[in-house]
Amino acid sequence: MEVGDLVKLSSYGNKVKSNSRFVGPNDLGMIVKFNCDDNPDFPYEVGWFHLEGKDQTRHSRQDLKYAK
C-alpha cells in the first residue's frame, strides 16, 4: 500500500474496537502518510472522507484493505 491508495477497513479492522469508534465498515479513506519510524506497529495514517477536517487515524496493514 502506498500514499494515495483508497482503502477500507478489512474484516479484521472491523473487529478491532478502537477502530469502530471512528470508522464504519463501508467508510472510504485515503492513505495520506506512511511512517514506520514513528510507530512501526501502526505505520499507515488514513484520512477518512467522512471525518474531513479532523485528525487522521493510524492503522496496521492488517486493519486495511484496498477499496474496490
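Fair warning: this is a prediction, and the values are worked out from it, not measured in the lab.

Rules used in this analysis
In every chain, residue numbers begin from 1 and rise along the written sequence. Note on the predicted model: pLDDT of at least 70 is required for a residue's local features to be given, and 80 or more for side-chain atom pairs to be given and counted; whole-chain, interface and lining totals, by contrast, use all residues. As a rule here, side-chain values cover all heavy atoms of the structure and leave hydrogens and water aside. By definition here, a salt bridge exists when the distance from a side-chain nitrogen of Lys or Arg to a carboxyl oxygen of Asp or Glu is within 4 Å. Every helix listed is a DSSP run of H or I at least four residues long, and every strand listed is a run of E at least two residues long, numbered separately from the N terminus. Burial here depends on accessible area, computed with a 1.4 Å probe over protein chains only, as a share of the maximum for the residue type. Under 20% is buried, over 50% is exposed, and the range in between is partly exposed. Only heavy atoms enter the contact rule, under which two residues are in contact if any of them lie within 4.5 Å. Every patch collects residues that have over 30% relative accessible area and no salt bridge, joining them within 9 Å if they carry like charges and within 5 Å if they are nonpolar side chains (Val, Leu, Ile, Met, Phe, Trp, Tyr). Residue exposure ignores everything except the shown protein chains as possible cover, and the areas themselves are Shrake-Rupley values with a 1.4 Å probe. Should DSSP find at least two bridges between two strands, the strands are regarded as paired.

(A) Molecular detail of the pattern of salt bridges. Tallied over the full model, the rule gives one salt bridge. Note that Glu45 and Arg58 form a salt bridge whose closest N and O atoms lie 3.1 Å from each other. Linking Glu45 in strand S3 (residues 44-48) with Arg58 in strand S4 (residues 57-59), this pair joins segments that are 13 residues apart in sequence. Given the relative accessible area of 13%, Glu45 is considered buried.

(B) The arrangement of the environment of Val23 in detail. Its location among the elements puts Val23 in the loop between helix H2 (17-20) and strand S2 (29-34). Relative accessible area serves as the criterion here: at 5%, Val23 is assigned to the buried category. Setting aside residues up to four positions removed in sequence, Val23 forms contacts with Leu9, Trp48 and His50.

(C) Spatial organisation of the environment of Lys17. Within the secondary structure layout, Lys17 lies in helix H2. Separated by 42 residues in sequence, Lys17 and His59 have C-alpha atoms that sit 13 Å apart.

(D) Quick look at a nonpolar patch on the surface. On the surface, a nonpolar cluster with roughly 390 Å² of combined accessible area is contributed by Leu6, Leu28, Met30, Val32 and Phe49. The topology assignment puts Leu6 in strand S1 (residues 6-9).

(E) Highlighting the environment of Glu45. Expressed as a C-alpha distance, the spacing of Glu45 and Thr57, which sit twelve residues apart in the sequence, is 5.6 Å. Contact partners of Glu45, with chain neighbours within four places excluded, come to Met30, Ile31, Val32, Lys33, Gln56, Thr57 and Arg58.

(F) Molecular detail of the pairing of S3. In terms of burial, S3 is largely enclosed, as five of its five residues are buried. Neither face of S3 is open: one carries Tyr44, Val46 and Trp48, the other Glu45 and Gly47, and all of them are buried. In terms of strand pairing, S2 meets S3 through five bridges, oriented antiparallel. Across the sheet, Phe34 pairs through a bridge with Tyr44, a residue of S3. In the sheet, S3 pairs with S4 via three bridges, with the strands oriented antiparallel. Looking at the pairing, Tyr44 lines up with His59 of S4.

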